Amino acid sequence: NTYSGNTIVNNGVLHLTGNSSIAGSQVLTVNNGGLILDAAYAGNPVINFTNSTLTIPTLGISAYLIGSTENFGGIDTINVTSISRQTSFPAVYPVIKYNTALNGFPSLALGSLPNGFGGFMSNDVANQTIDLVLNSGPLTPVISWNGNVSGNWDTGTLNWLTGAAATNYVDGTIVKFSDLATGTK
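Residues numbered from 1 in each chain as written. Predicted model: local features only at pLDDT ≥ 70, side-chain atom pairs only at ≥ 80, totals over all residues. Heavy atoms only, no water.

A.B. asks: Looking at this model, I keep getting lost on the overall build of the chain. Mind explaining?
C.D. replies: Looking only at helices and strands, the chain features zero helices and 16 strands. For 185 residues, the compact-globule estimate of 2.2 N^0.38 gives 16 Å, and the C-alpha radius of gyration of the chain, at 21 Å, exceeds that figure by more than 25%. Sorting the 185 residues of the chain into buried and exposed places 41% on the buried side. Contacts in the chain between residues at least 24 apart in sequence constitute 48% of all its contacts with a sequence separation of at least 6. Accessible surface, the chain: about 9,200 Å² in total, of which carbon and sulfur atoms supply 52%. When the 4 positive and 8 negative side-chain charges of the chain are each reduced to one mean point, those points stand 12 Å apart. (Helix = DSSP H or I, 4+ residues; strand = E, 2+ residues; numbered from the N terminus. Rg over C-alpha atoms; globule rule 2.2 N^0.38 Å. Buried < 20%, exposed > 50% of the residue type's maximum accessible area, 1.4 Å probe, protein only. Contact = heavy atoms within 4.5 Å. Areas by Shrake-Rupley, 256 points an atom, 1.4 Å probe, with all protein chains shown as cover. Lys, Arg positive; Asp, Glu negative; His and termini not counted. Charge placed at Lys NZ, Arg CZ, Asp CG, Glu CD.)

A.B. asks: Mind showing me how you'd approach the pairing of strand 3 (residues 27-31) here?
C.D. replies: Here four bridges tie strand 1 (residues 7-10) to strand 3, and the two strands are oriented parallel to one another. The partner of Val-9 across the bridge, within strand 3, is Val-30. For strand 3 and strand 5 (residues 46-50), the ladder comprises five bridges, and the chain directions are parallel. By the bridge assignment, Thr-29 is partnered in strand 5 with Asn-48. (Pairing = 2+ DSSP bridges.)

A.B. asks: Help me out: how do you make sense of the packing of aromatic side chains in this one?
C.D. replies: Aromatic ring pairs are defined here through the distance separating the ring centres and the angle between the ring planes. Under the defined criterion, the tally for this structure stands at eight aromatic pairs. Ring centres of Trp-160 and Tyr-169 lie 5.9 Å apart, and the angle between their planes is 40°; on these two criteria the pair is classed as tilted. Their ring planes at 65° and their centres at 5.8 Å tell us that Trp-160 and Phe-177 sit as a pair that is edge-to-face. Residue Trp-160 is located in strand 14 (residues 160-162), and its partner Phe-177 is located in the segment after strand 16 (174-176); the two are separated by 17 residues in the primary sequence. Among the aromatic residues, those joined into a cluster by ring pairs are Trp-145, Trp-153, Trp-160, Tyr-169 and Phe-177. (Phe/Tyr/Trp six-rings, centres within 6.5 Å; stacked < 30°, edge-to-face > 60°.)

A.B. asks: Mind showing me how you'd approach the environment of Ala-40 here?
C.D. replies: Tracing the backbone shows Ala-40 in the loop between strand 4 (34-37) and strand 5. Among the residues examined, Ala-40 registers a relative accessible area of 52% and is labelled exposed. Between the C-alpha atoms of Ala-40 and Leu-16, which are 24 residues apart in sequence, the distance is 9.5 Å. Among all residues touching Ala-40, those that are not within four sequence positions of it are Ala-63 and Tyr-64.

Next comes the structure, spelled out in structure tokens:
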């Protein structure tokens with residue numbers, strides 16, 4: 001469903017799912033409530049948050065909430081419900097994009113993160129984004145195929161490298177293939 005006009009949430013929660021859209025709204029105001037986005041929202045309205053919470057499903061290469069002007073007041077928080085595997089820290093992800101102005105950024109706080117991750121919010125003035133900077137949490141190692149024992153990709157053969165050390169494959173590990181393998185390619 002779509003509509004036009006201002007969107008105002010007072011003491012409630014607006015949850016945009018699937019193909020839901022408020023793209024026709026010139027102003028998005030959330031007072032003492034919440035906005036839950038299951039996908040990126042890029043309507044480019046003036047966005048006003050006061051004592052409210054923004055919840056996004058995951059982090060990506062582009063912002064989830066895009067507006068012309070972002071106004072924050074009171075205590076506002078951002079929650080992230082899932083984070084993909086990380087191979088190193090720090091990791092920087094844009095959450096909010098403002099195209100004209102940002103007001104009240106110091107009132108914006110990081111809420112909940114999953115799986116023991118830690119981080120902080122940062123204003124990237126050059127790119128006009130509010131970013132989540134992850135600085136701790138579980139790391140998923142990257143292993144590289146070497147194939148020097150055999151051509152078998154299994155969980156027992158030391159055909160992989162982590163750095164210079166031989167290792168085996170474990171389900172869930174991030175793998176890398178390159179022309180640097182010394183064994184079976």
